[in-house]
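Single-letter residue listing:
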Amino acid sequence: MAGPSRRPPPTPSSPGTAGSRTGRPSTATSSRGWPRTAGRPDSLKILPGATFALGDTDAEAQENADHIRRQQVSPQTAILLLEQLWNRDLSAYDPEGPLPEIDPDVSDDSIVKGRTRMSRDPLRTAAEWRALAESKKLGIRDLIIEVTGRQSFIGSPSRVAEEINEFVQGDASDGFILVPHLTPGGLDDFVDRVVPLLQERGVFRADYETTTLRGHLGLENER
């Protein structure tokens, strides 16, 4: 199937950093519009990290995404993340239970050493989380899953291929660095099911024409 070919995006096979469509990489949607008009050289490539969840249908993909997030956010992890905002020892709280009634400690002495605060305004964020938890009937763990990072692309292989292509053709990014939720083997499903669809659209290489990463990205060799 023929498709747009502004330029083939880089092979998205390198692990990096970066979860429903609400968790898409913000770099892709906010940074690409102004740098080119401000004289951004072609040598400056934008490849945000992105995660994904696939399924035979969009509904199955969403189920898989939810399952992955529950694996990533264990009960212990949920409490630790909540402690970052509350700045209190919450180890006695039930991860499946409600949020603490006590407010976050906003003193300068942080319970979490070596990390910055999760929010500049813990009291306001706590109020927003309480409202969300109440409206959706969420316990601590489900709330943390809701408010923390989610997969960038969720859907059937055809939907994910279409959305990735839209980002690149829309000049929102030059490609993506895919971050599998499991290693090794976490990219196998993407390679087998999404890459062929991108190749059919003519926007993903079938062979390498160079032997260097700079060459793969369409960059000139350093002199």
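Computed from a predicted model, the values in this text were never measured in an experiment. (Residues numbered from 1 in each chain as written. Predicted model: local features only at pLDDT ≥ 70, side-chain atom pairs only at ≥ 80, totals over all residues. Heavy atoms only, no water.)

Observations concerning the pattern of salt bridges
- Tallying each qualifying case throughout the model produces 10 salt bridges.
- Residues D56 and R193 are paired through a salt bridge, measuring 2.7 Å at the closest nitrogen-oxygen approach. A residue pair is termed long-range when its members are at least 10 positions apart, and D56 in the loop between β2 (52-54) and α3 (58-72) and R193 in helix α8 (residues 188-193) qualify at 137 residues.
- Here E96 makes a salt bridge to R141, at a shortest N to O gap of 3.4 Å. Of the two residues, E96 sits in the loop between α4 (75-86) and α5 (122-136) while R141 sits in helix α6 (residues 140-147), which places them 45 residues apart along the sequence.
- Members of the salt-bridge network, linked through shared partners, are R70, E96, R141 and D142. (Salt bridge = Lys/Arg side-chain N within 4 Å of Asp/Glu carboxyl O. Helix = DSSP H or I, 4+ residues; strand = E, 2+ residues; numbered from the N terminus.)

Digging into the nonpolar core
- Formed by 18 residues in total, the largest nonpolar core has its most connected members in F52, F153, V160, F176, L178, F190 and V194.
- Put simply, the parts of the chain that give this core at least two residues each are β2, α7 (157-169) and α9 (195-200).
- Per-element accounting of this core gives the leading share, four residues, to α7.
- In this structure, V73, A78, L82 and L138 belong to the second largest nonpolar core, which totals 16 residues. (Core = buried A, V, L, I, M, F, W, Y, C linked by side-chain atoms within 4.5 Å. Buried < 20%, exposed > 50% of the residue type's maximum accessible area, 1.4 Å probe, protein only.)

Concerning the packing of α5 against α6
- Contact pair α5 / α6: the axes reach a minimum separation of 10 Å and the direction vectors enclose 110°. When the axis of α5 is compared with that of α6, the two are roughly perpendicular. Like other packed secondary-structure pairs, α5 and α6 cross with a definite hand, here right-handed. Side by side, α5 and α6 meet where W129, L132, A133 and K136 of the first sit next to L143, I144, E146 and V147 of the second. (Axes fitted to C-alpha atoms, helices over the stretch in contact; angles between N-to-C directions. Parallel < 35°, antiparallel > 145°, perpendicular 65-115°, else oblique. Left-handed = near helix turned anticlockwise from the far one by under 90°. Contact = heavy atoms within 4.5 Å.)

A word on the packing of aromatic side chains
- Following the criterion strictly, the structure yields four aromatic pairs and no others.
- Both rings, one in F153 and one in F167, keep their centres 5.7 Å apart while their planes meet at 90°; by these two values the pair is edge-to-face. Residue F153 is located in strand β3 (residues 153-155), and its partner F167 is located in helix α7; the two are separated by 14 residues in the primary sequence.
- Aromatic side chains F153 and F176 sit 5.2 Å apart centroid to centroid with 80° between the ring planes, which places their arrangement in the edge-to-face category. Placement of the pair is F153 in strand β3 and F176 in the loop between α7 and β4 (177-178), with a sequence separation of 23 residues.
- We classify F153 as buried; its relative accessible area is 0%.
- In textbook terms, an aromatic cluster arises when at least three aromatic residues are bridged by ring pairs, as seen for F153, F167 and F176. (Phe/Tyr/Trp six-rings, centres within 6.5 Å; stacked < 30°, edge-to-face > 60°.)

Let's talk about unusual backbone geometry
- The residue after T183, namely P184, is reached through a cis peptide bond having omega -10°.
- In this fold, P184 is placed in the loop between β4 and α8.
- In this model, K137 sits at a positive phi of 55°, which is unusual for a non-glycine residue.
- Its place among the elements puts K137 in the loop between α5 and α6.

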